[in-house]
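An overview of the molecular structure
The primary structure of each chain is shown beneath.
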Amino acid sequence: MSLKGWLSPPVSAWMLGASRLQRRRDRAERARRARGEPHRVAYFHQPDDPYSALAAAVLPELLRRYDVVLETHVVGPPDDAAAPERARLAAWSRVDAARLARRHGLAFEDRGTPPSPASLRDATERLVEAADASRFADVAATITLDAWRAPRDAAGDAPPIASTAAAAAHLARAAALRSRLGHYLGATFHYAGEWYWGVDRLHHLERRLQALGAARGRADALLCPPDLDADDGAPEAHAGAPRTVDFWFSLRSPYSAIVALRAMRLARRHGATLRLRPLLPMVMRGLPVPPAKRRYIATDAAREARLHGVPFGRLVDPVGRPAERGLAVLARARREGRGEAMLASLMQGIWADGLDAGSDRGLRRMAERAGLAWADCLDALDDAGWRAEAERDRAALFERGLWGVPSFAVGDVAAWGQDRLWTIRDALRANASHAGARR
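The following paragraphs examine the structure supplied in this document. (Residues numbered from 1 in each chain as written. Predicted model: local features only at pLDDT ≥ 70, side-chain atom pairs only at ≥ 80, totals over all residues. Heavy atoms only, no water.)

Another point: the side chain of Asp356. Along the chain, the position of Asp356 falls in the loop between helix H12 (339-353) and helix H13 (360-369). Judged by its relative accessible area of 4%, Asp356 falls in the buried class. Polar side-chain contacts of Asp356 include one of 2.8 Å to the backbone nitrogen of Gly358. (Helix = DSSP H or I, 4+ residues; strand = E, 2+ residues; numbered from the N terminus. Buried < 20%, exposed > 50% of the residue type's maximum accessible area, 1.4 Å probe, protein only. Polar contact = N/O pair within 3.5 Å; in protein donor to acceptor, adjacent residues only side chain to side chain.)

In C-alpha cells form, the structure reads like this:
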C-alpha cells in the first residue's frame with residue numbers, strides 16, 4: 001500500500017469524526033459561557049441568490065424560536081473559482097429554489113431571469129442599511145423578493161451592485177469576514193466555528209442550538225426538516241412501464257458516496273432501473289475546487305452521512321489514477337450485471353474503509369467483494385473504453401442543464417445534490433399515480 005494509503009484513513013477519520021466535532025463544540029460553548037456572551041449567529045445574505053431569498057424568509061421565525069443574537073452581512077456573488085459554470089448555476093438555482101420553496105411553504109417563484117441590475121443595486125443598498133440598523137430580519141425577505149419581482153428593464157451596461165460608498169464598504173467587510181471564517185457562498189449561517197448553508201442545513205444548526213438549551217419553546221420542532229424518507233420503507237406499487245433513473249456521480253465526490261446506496265434503494269423501491277453514469281472528478285476535468293470549498297464539502301458531507309446513517313470518513317483520495325482504475329473496473333462490472341454492487345463496494349472502500357483504489361491490493365478487495373474475478377479486472381484496466389462513455393455521460397448531464405454531481409433525472413425531472421433525492425421519489429410517485437389513473 002502507498003504511503004497515502006497508510007496515512008490518509010486514520011487522519012481523515014479523526015478530522016471528520018463525530019467525537020472531534022463534539023469536542024470542538026464543547027470548547028466553543030465553554031468559551032462562550034466564560035465570556036458571558038449570548039449565542040451569536042452570523043448570516044451572510046446575497047441579494048441575487050434565490051437560496052438567500054428562502055433563508056431570509058425564515059429569519060423572523062428563527063429568532064422567535066431561539067435565544068440567539070443574529071448578526072447580518074450582505075455579500076456579493078462568490079468568486080469564479082468557487083462557482084464554475086456560473087450561468088448554469090444561476091439558472092439551476094432558480095429552478096431548484098422554487099421547488100424548495102414549495103416544499104417548505106416559502107415564497108419564491110422562478111420567473112426565468114435574475115433581478116435586473118437596477119433593482120439589484122436598490123435592494124443591496126436597502127439591505128445594507130437594514131443590516132447596519134439591526135432590523136435586517138424584519139425586512140430582508142420583502143426587499144429581496146421585491147428585487148426578484150421587479151420589472152425586467154433593459155439595463156445596457158450593468159451598474160455596480162452598490163453605488164454608495166457605505167454600501168460598498170459593507171460588502172467589502174462582509175466578504176472579508178466570510179472568507180476569514182472559511183466560506184464563499186451566500187445564504188450561509190455561521191455559529192461558533194461551523195457553517196450551515198441555506199434552509200437545507202438549517203436543521204443542523206437548530207439541533208445544535210436545541211442541544212445547548214437555546215430553544216425558547218418546543219425542543220424538537222424544526223423550521224425546515226430534512227427529508228429522511230426518500231430511500232426508506234417497503235416497495236411502493238407502481239403502474240405502467242418501469243422508469244429509468246439516471247444517476248451521475250464521481251468516485252471523488254463525497255456527496256456521491258453518501259447517496260449511492262440510497263439511490264439504489266429508491267430505484268428498487270419504485271421498480272425503476274438505476275442507470276449509472278460515472279464522470280471523472282471535477283479537478284480531472286479542469287474545474288478548480290478552492291480550499292475553503294473543499295473543507296466545507298468534506299465536513300458537511302460527514303455531517304450529512306451521520307444524519308443518514310452512512311459510514312463515512314476513513315478515506316483515501318481517489319483523484320488521478322485511482323479514479324481511472326475504479327472507473328475501468330466499474331465498466332467491466334456493469335457489463336457483467338454487477339455495476340451497482342461494484343459501485344457500492346467502491347464508495348464504501350474509498351470513503352469508509354480506507355482502501356486505495358490506486359493499489360492492486362485495495363482495488364482487488366473492492367472488486368472481489370462485488371463478485372468480480374480479479375483476472376477479469378486486470379484485463380479491464382487495459383481497456384480505455386470507459387473514457388468515451390464518461391464523456392458521453394458528461395455531455396448528457398450538460399444537456400439536462402446540470403454539470404455537478406451527484407445528479408439525477410427521471411423523465412423530464414432532473415435534480416442535483418444528495419439532498420434532492422426526494423425530488424426523484426416524488427417524480428416516480430407522480431408517474432405511478434398518472435399511469436394508474438390511465439388504466
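There is more to say after this.
Below, the discussion takes up the side chain of Asp200. Examined against the element boundaries, Asp200 turns out to sit in the loop between strand E4 (194-197) and helix H8 (202-211). A distance of 2.8 Å separates polar atoms of two side chains, one belonging to Asp200 and the other to Arg420. Residue contacts for Asp200: discarding those within four places in its chain leaves Leu100, Asp419 and Arg420. (Contact = heavy atoms within 4.5 Å.)

A contiguous patch of positive charge, built from Arg23, Arg24, Arg27 and Arg30, is present on the exposed surface. Among the structural elements, Arg30 can be located in helix H2 (residues 18-35). (Patch = residues over 30% accessible without salt bridge, like charges linked within 9 Å, V, L, I, M, F, W, Y side chains within 5 Å. Areas by Shrake-Rupley, 256 points an atom, 1.4 Å probe, with all protein chains shown as cover. Salt bridge = Lys/Arg side-chain N within 4 Å of Asp/Glu carboxyl O. Lys, Arg positive; Asp, Glu negative; His and termini not counted. Charge placed at Lys NZ, Arg CZ, Asp CG, Glu CD.)

Reading across the sheet, the 4 strands line up as E6-E5-E7-E8 and stay open at both edges, with mixed pairing between neighbours. For this open sheet the edge positions go to strand E6 (273-279) and strand E8 (413-416), each flanked by a neighbour on one side alone. The sheet shows a mean angle of 15 degrees between the axes of neighbouring strands, taken without regard to direction. The sheet contact formed by strand E5 (residues 244-250) and E6 spans 7 bridges and is parallel. When the sheet's bridge partners are listed, Ser250 is paired in E6 with Leu279. Strands E5 and E6 of the sheet are contacted by helix H11 (residues 321-335), whose axis makes an angle of about 155 degrees with E6. (Pairing = 2+ DSSP bridges. Axes fitted to C-alpha atoms, helices over the stretch in contact; angles between N-to-C directions.)

Right, let's get into a nonpolar patch on the surface. A contiguous nonpolar surface patch, about 310 Å² in accessible area, is contributed by Val11, Trp14 and Met15. The residue Val11 is located in helix H1 (residues 3-16) in this model. According to the relative accessible area criterion, Val11 is partly exposed, its value standing at 48%.

Read these as geometric descriptors, not functional statements.
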